[in-house]
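Below, each chain spelled out in residue letters.
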2 protein chains.
Amino acid sequence: MTQHISSAFDRDLETLQALVVKMGGLVENAILEGAKSLEARDIDGANAVRKGDKVIDALEEQINEEAARVIALRAPVSKDLRTLLSVLKLASNLERMGDYAKNMAKRTPILAEMQPINGTDAALRRMSKEVQSMLSDALDAYVRLDADLAEAVRQRDMDVDQMYNALFREFLTFMMEDPRNITACMHMHFIAKNVERMGDLVTNMAEQVIYMVTGEMPDEDRPKMDSTAAARTGQ
Amino acid sequence: MTQHISSAFDRDLETLQALVVKMGGLVENAILEGAKSLEARDIDGANAVRKGDKVIDALEEQINEEAARVIALRAPVSKDLRTLLSVLKLASNLERMGDYAKNMAKRTPILAEMQPINGTDAALRRMSKEVQSMLSDALDAYVRLDADLAEAVRQRDMDVDQMYNALFREFLTFMMEDPRNITACMHMHFIAKNVERMGDLVTNMAEQVIYMVTGEMPDEDRPKMDSTAAARTGQ
């Protein structure tokens, strides 16, 4: 491969990277604004998050097409091909995170009509902030091809899982204390579980970055901390 | 491209297809057996589903590697490349369905210690059966490149959504009737939502098959029937 073709490929990768970073920025914003509008019962803010998801989806489409174009045009092999396939995975994870943020925003007008459940909005916002910050680092790790930073993101998923577990138990308690809390708690729990899943998706992205850099997927040694499958409270 | 190379590529596609069909069969089995063991409180059955997920994950890995190998070796363009990238998406959707089935199995030992919630196990089993049957058709549509069959699968997702909505309301009612039902209902609701998501994933697969055959993604005209975001019961 000549120098000329190689740098054309590098430019292709930079174009794709710019699209992924742009998409990631929009997803970061959707997570934060989604959680803030929920806490503030700000229905306009929530509607903006819902509408913004279309732009995120369109960017994934554009990344898919651009990557396919580059593969067809440059016929990359080994590391280059691995990078391109990883970019597709990154975009797919971002798209799913965007969906979860949209789902949070969809529930905001409903929850706005109900009594807030003592402090759980703020706990959700903190959890969302943590996921947004992990995503920001995962995107940096991708741009800088920094496997150590990606590994650090991966380890932080435990904190999100612990926040989720604590919230799950709070919801159970509030529901048992007063059945009038049940509907709101069901919605809030949905949202909390989705934020926890966003943490898993960022973790997937961090693992994809490690794979991109090292050629190997990290081992399955990340402790899974969702202990709610074992909750026996209230029997 | 010579006839010789073209048929080598066809053989590559067949190899990949065989892997996807095998993976799909395992996922179908995991969904059905997951739901059956839950209904029967069969912990050994549930454990088998949990363990089986490793095989499903390994198959996705194998499909990823094989597809990358084919792309690097054959440098496919246009329709051929589209087909290969679609195969990666099919495998990724199957892997996520496998995870949901594993999650259902993980909750079975916990639910086995609780009072069953009046008929909801059977409703979950029927919902799972419907998703498994949709998956079976989606795989057939992929093998036969049958866009009409894929479109039929896509339309059936509404039934799954309706089953889920009905269950969601039942859970709310059971929880309000008796707070001792809350923990079991939270777990059952988790599972129901995951089965509903499996329906969405099969729908993604059907859309991918349509894209593979026609080169175009179907429009977003599929009515979304998850109306629980609007549930205001119990205020």
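Bear in mind the structure is a predicted one, so any value in this text is a computation, not a measurement.

1. Thoughts on the packing of helix H4 (residues 120-144) of chain B against helix H5 (residues 147-177) of chain B
Residues and elements named next belong to chain B.
Here's step 1: Two elements in contact, H4 and H5, have axes whose closest approach is 10 Å; the angle formed by their N-to-C orientations is 165 degrees. Compared by their axis directions, H4 and H5 come out roughly antiparallel. Helix-helix and strand crossings are classified by hand; for H4 and H5 the assignment is left-handed.
Here's step 2: A per-class count over the contact of H4 with H5 returns 16 nonpolar, two polar and nine charged.

2. Re the side chain of Asp12(A)
Residue and element names in this part refer to chain A.
Here's step 1: On the secondary structure map, aspartate 12 appears in helix H1 (residues 3-40).
Here's step 2: The buried category is assigned to aspartate 12, whose relative accessible area is 7%.
Here's step 3: Within the structure, the side chain of aspartate 12 is placed 2.5 Å from the side chain of arginine 74, a separation counted as a polar contact.
Here's step 4: Apart from residues no more than four positions distant in its own chain, aspartate 12 is found in contact with Arg69, Val70 and Arg74.

3. A closer look at the UniProt feature "domain: PhoU" (unreviewed entry) in chain A
All names here are of chain A.
Here's step 1: Cross-referencing UniProt, the feature "domain: PhoU" (unreviewed entry) maps to residues 21-108 and 124-209 in the present numbering.
Here's step 2: Note that residues 21-108 is 94% helix and 0% strand, and that its end C-alpha atoms are spaced 27 Å apart.
Here's step 3: Along residues 124-209, the helical share is 93% and the strand share 0%, with 27 Å between the first and last C-alpha atoms.

4. Considerations on the environment of Met104(A)
All names here are of chain A.
Here's step 1: Tracing the sequence through the fold places methionine 104 in helix H3 (residues 78-112).
Here's step 2: In the structure, methionine 104 is positioned 90 residues away from asparagine 194 in sequence and 8.1 Å away in space, judged by C-alpha atoms.
Here's step 3: Methionine 104 has contacts with Ile31, Gly34, Ala35, Ser128, Ile191, Val195 and Met198, leaving out every residue within four places of it along the chain.

5. Looking at helix H2 (residues 43-74) of chain B
Residues and elements named next belong to chain B.
Here's step 1: Taking 1.5 Å per residue, 32 residues should reach 46 Å; H2 reaches 47 Å between its end C-alpha atoms and fits that length.
Here's step 2: Regarding H2, its N-cap is aspartate 42, as a side-chain oxygen of that residue lies 3.2 Å from the backbone nitrogen of aspartate 44 further along.
Here's step 3: Looking at the residues trailing H2, positive phi occurs at alanine 75, about 45 degrees.

6. A few points about the pattern of salt bridges
Here's step 1: According to the stated counting rule, one finds 30 salt bridges over all chains in the structure shown.
Here's step 2: Of the charged contacts in the structure, one is a salt bridge between Glu196(A) and Lys193(A), with a shortest N-O distance of 3.1 Å. Of this pair, Glu196(A) and Lys193(A) both sit in helix H6 (residues 182-214), three residues apart, roughly one helical turn.
Here's step 3: A residue is classified by how much of its surface remains accessible, and Lys193(A), at 7% relative accessible area, is buried.
Here's step 4: With its nearest N and O atoms 2.9 Å apart, the salt bridge here joins Asp178(B) to Arg180(B).
Here's step 5: Put simply, Asp12(A), Glu66(A), Arg69(A) and Arg74(A) are held in one network by salt bridges that share partners.

7. As for unusual backbone geometry
Here's step 1: Not every positive phi belongs to a glycine, and Ser78(A) is a case in point at roughly 35 degrees.
Here's step 2: By relative accessible area, which is 58% here, Ser78(A) ends up exposed.

8. Examining the nonpolar core
Here's step 1: Of all hydrophobic cores here, the largest spans 148 residues; its most connected members are Met97(A), Leu135(A), Met198(A), Leu85(B), Met97(B) and Leu135(B).
Here's step 2: Those residues in contact with Met198(A), other than ones at most four positions away along the chain, are Ile31(A), Met97(A), Tyr100(A), Ala101(A), Met104(A) and Val131(A).

9. Here we look at the side chain of Glu130(A)
Here's step 1: With respect to the helices and strands, Glu130(A) occurs in helix H4 (residues 120-144).
Here's step 2: Contact partners of Glu130(A), with chain neighbours within four places excluded, come to Arg156(A), Asp159(A), Val160(A) and Met163(A).

10. A closer look at empty space enclosed by the protein
Residues and elements named next belong to chain A.
Here's step 1: Inspection of the entire model under this criterion finds one cavity of 30 Å³ or more.
Here's step 2: Taken as a whole, the largest cavity spans an internal volume of roughly 60 Å³.
Here's step 3: At five residues, H6 tops the list of elements feeding residues into the lining of the largest cavity.
Here's step 4: When the residues that make up the lining of the largest cavity are grouped by side-chain class, the tally is two nonpolar, three polar and four charged.

11. Observations regarding the state of the cysteines
Here's step 1: Counted under the stated rule, the structure contains zero disulfides over all chains.
Here's step 2: Here Cys185(B) stays unpaired: no disulfide links it, and the sulfur of Cys185(A), its closest cysteine neighbor, is 14 Å away.

12. Some points on helix H3 (residues 78-112) of chain B
Here's step 1: For H3(B), spanning 35 residues, the distance from its first C-alpha to its last is 52 Å, which sits close to the expected 51 Å at 1.5 Å a residue.
Here's step 2: Burial analysis of H3(B) places 25 of its 35 residues in the buried class, which makes it a mostly covered element.

13. Description of the packing of H4(A) against H6(A)
If you want to describe how two helices pack, look at the angle between their axes and the distance between the axes.
Residues and elements named next belong to chain A.
Here's step 1: Close contact between H4 and H6 brings their axes to 10 Å; oriented N to C, the two are set at 15 degrees. Classed by the angle they form, the pair H4 and H6 counts as roughly parallel. The interaxial crossing formed by H4 with H6 has left-handed handedness. In contact with Thr120, Asp121, Leu124, Met127, Ser128, Val131, Met134, Leu135, Ala138, Leu139, Ala141 and Tyr142 of H4, H6 contributes Met188, Ile191, Ala192, Val195, Glu196, Met198, Gly199, Val202, Thr203, Met205, Val209 and Met212.

14. Here we look at the packing of aromatic side chains
Here's step 1: In the structure shown here, the tally under the stated rule is two aromatic pairs over all chains.
Here's step 2: Judged by centre distance (6.3 Å) and plane angle (40 degrees), the rings of Tyr164(A) and Phe168(A) are tilted. Residue Tyr164(A) and its partner Phe168(A) are both found in helix H5 (residues 147-177); the two are separated by four residues, about one turn of the helix. Of the two residues examined, Tyr164(A) and Phe168(A), each falls in the buried class.
Here's step 3: Sitting over the face of the ring of Phe190(A), Arg107(A) holds its NZ or CZ atom 3.9 Å from the ring centroid.
Here's step 4: In this structure, Arg82(B) is placed above the aromatic ring of Tyr211(B), and the distance from its NZ or CZ to the ring centre is 5.7 Å.

Here is what the cut-offs are and how they apply
Residues numbered from 1 in each chain as written. Chains lettered and ligands numbered in written order. Predicted model: local features only at pLDDT ≥ 70, side-chain atom pairs only at ≥ 80, totals over all residues. Heavy atoms only, no water. Axes fitted to C-alpha atoms, helices over the stretch in contact; angles between N-to-C directions. Helix = DSSP H or I, 4+ residues; strand = E, 2+ residues; numbered from the N terminus. Parallel < 35°, antiparallel > 145°, perpendicular 65-115°, else oblique. Left-handed = near helix turned anticlockwise from the far one by under 90°. Nonpolar A, V, L, I, M, F, W, Y, C, P; charged D, E, K, R; others polar. Buried < 20%, exposed > 50% of the residue type's maximum accessible area, 1.4 Å probe, protein only. Polar contact = N/O pair within 3.5 Å; in protein donor to acceptor, adjacent residues only side chain to side chain. Contact = heavy atoms within 4.5 Å. UniProt positions renumbered as here; feature names shortened; annotations may be inferred. Expected span 1.5 Å × (residues − 1). Salt bridge = Lys/Arg side-chain N within 4 Å of Asp/Glu carboxyl O. Core = buried A, V, L, I, M, F, W, Y, C linked by side-chain atoms within 4.5 Å. 1 Å grid on protein atoms, 1.4 Å probe; cavity = no way out; pocket = protein on both sides within 12 Å on 5 of 7 lines; lining within 4 Å. Points joined across faces, edges and corners; volume = space filled by probe spheres on them. Disulfide = S-S within 2.5 Å. Phe/Tyr/Trp six-rings, centres within 6.5 Å; stacked < 30°, edge-to-face > 60°. Lys NZ or Arg CZ within 6 Å of the ring centre and 35° of its normal.

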